[in-house]
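Spelled out from the first residue to the last, the chains are:
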Amino acid sequence: ALMFVNHHGPLPVGTGGKCGSLGTAYNILKTITSHRQSGEGVVLVGDFNSNADTEEVKQLESRLRRVITGTSFGGVDHIFSNCGGTRVVETRNLGSGGSDHDALEAVIKL
C-alpha cells in the first residue's frame, strides 16, 4: 500500500507562511501520521516553496528521506519518502517541460 501526498507550500519562499517553517513541517507530518496505515509506504511531493537549507525541509528530513530536489527557484521542489536506500531505484530531473518548475521523477520499489 502507498500513501501519496502532494503539497504546495506557502509564500513568501522559505518562510513556511503563516505557520512558519517548523509549523508547516509539523502540520505535514501530523497529516501523514494521522492518515497513514501501518506498514504503508509514503511518498510526499510538491513545490514546497522552501529549499533544502530551510528548517521546514530539515524537519521533514528528520522523518522522511529526501529522494530528490529540483533546481528551479533555488531548489523548492522535492520528493520525500519513508522508503530509502536501495528502494530508491532511480531519480531524474526532467527539466521544465514548459513549466517554471522542474519535473522530478523518482522510481521507488515498495
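Throughout what follows, the structure given in this document is the object of discussion. (Residues numbered from 1 in each chain as written. Predicted model: local features only at pLDDT ≥ 70, side-chain atom pairs only at ≥ 80, totals over all residues. Heavy atoms only, no water.)

**Brief notes about the sheet that holds strand β3 (residues 65–69)**
The four strands lie next to each other as β1-β2-β4-β3, forming an open sheet whose pairing is mixed. Here the strands that pair on one side only, and so sit at the sheet edges, are β1 (2–8) and β3. With direction set aside, neighbouring strand axes in the sheet form an average angle of 20°. Two elements, β1 and strand β2 (residues 41–47), share seven bridges in a ladder whose sense is parallel. Residue pairing across strands places Phe4 opposite Val43, the latter belonging to β2. Sheet strands in contact with helix α1 (residues 20–35) are β1 and β2, and its direction is about 155° off that of β1. (Pairing = 2+ DSSP bridges. Helix = DSSP H or I, 4+ residues; strand = E, 2+ residues; numbered from the N terminus. Axes fitted to C-alpha atoms, helices over the stretch in contact; angles between N-to-C directions. Contact = heavy atoms within 4.5 Å.)

**Looking at the nonpolar core**
By size, the foremost hydrophobic cluster in this structure holds 13 residues, and its most contacted members are Ile28, Ile32, Leu44, Phe48, Leu60, Leu64 and Phe80. At the level of secondary structure, the elements contributing two or more residues to this core comprise β1, α1, β2 and α2 (55–61). With four residues, α1 is the single largest residue contributor to this core. Beyond its immediate sequence surroundings of up to four residues, Leu44 is in contact with Val5, His7, Ile28, Ile32, Leu60, Leu64, His78, Ile79 and Phe80. (Core = buried A, V, L, I, M, F, W, Y, C linked by side-chain atoms within 4.5 Å. Buried < 20%, exposed > 50% of the residue type's maximum accessible area, 1.4 Å probe, protein only.)

**Remarks on a nonpolar patch on the surface**
Side chains of Leu2, Phe4 and Leu110 sit close together on the surface and give an oily, nonpolar patch of about 320 Å² of accessible area. Mapping Leu110 onto the fold places it in the segment after β6 (104–108). Since its relative accessible area comes to 54%, Leu110 is described here as exposed. (Patch = residues over 30% accessible without salt bridge, like charges linked within 9 Å, V, L, I, M, F, W, Y side chains within 5 Å. Areas by Shrake-Rupley, 256 points an atom, 1.4 Å probe, with all protein chains shown as cover. Salt bridge = Lys/Arg side-chain N within 4 Å of Asp/Glu carboxyl O.)

**Concerning the pairing of β2**
Most of β2 sits inside the fold, with seven of its seven residues counted as buried. Residues Gly41, Val43, Val45 and Asp47 of β2 are buried on one face, and the alternating residues Val42, Leu44 and Gly46, pointing to the opposite face, are buried as well. For the crossover that starts at β1, traverses α1 and ends in the parallel β2, the hand is right-handed. In terms of strand pairing, β2 meets strand β4 (residues 77–81) through five bridges, oriented antiparallel. By the bridge assignment, Val43 is partnered in β4 with Ser81. (Right-handed = clockwise from strand over helix to strand, strands pointing away.)

**Some remarks on the pattern of salt bridges**
For the structure shown, the criterion picks out three salt bridges. Here Arg92 makes a salt bridge to Glu90, at a shortest N to O gap of 3.6 Å. Relative accessible area serves as the criterion here: at 39%, Arg92 is assigned to the partly exposed category. Of the charged contacts, one joins Arg92 and Glu105 as a salt bridge, the two residues approaching to 2.7 Å between their closest N and O atoms. With Arg92 in strand β5 (residues 88–93) and Glu105 in strand β6, this pair connects stretches of sequence that are 13 residues apart. In the salt-bridge network here, residues are joined through shared partners; they are Glu90, Arg92 and Glu105.

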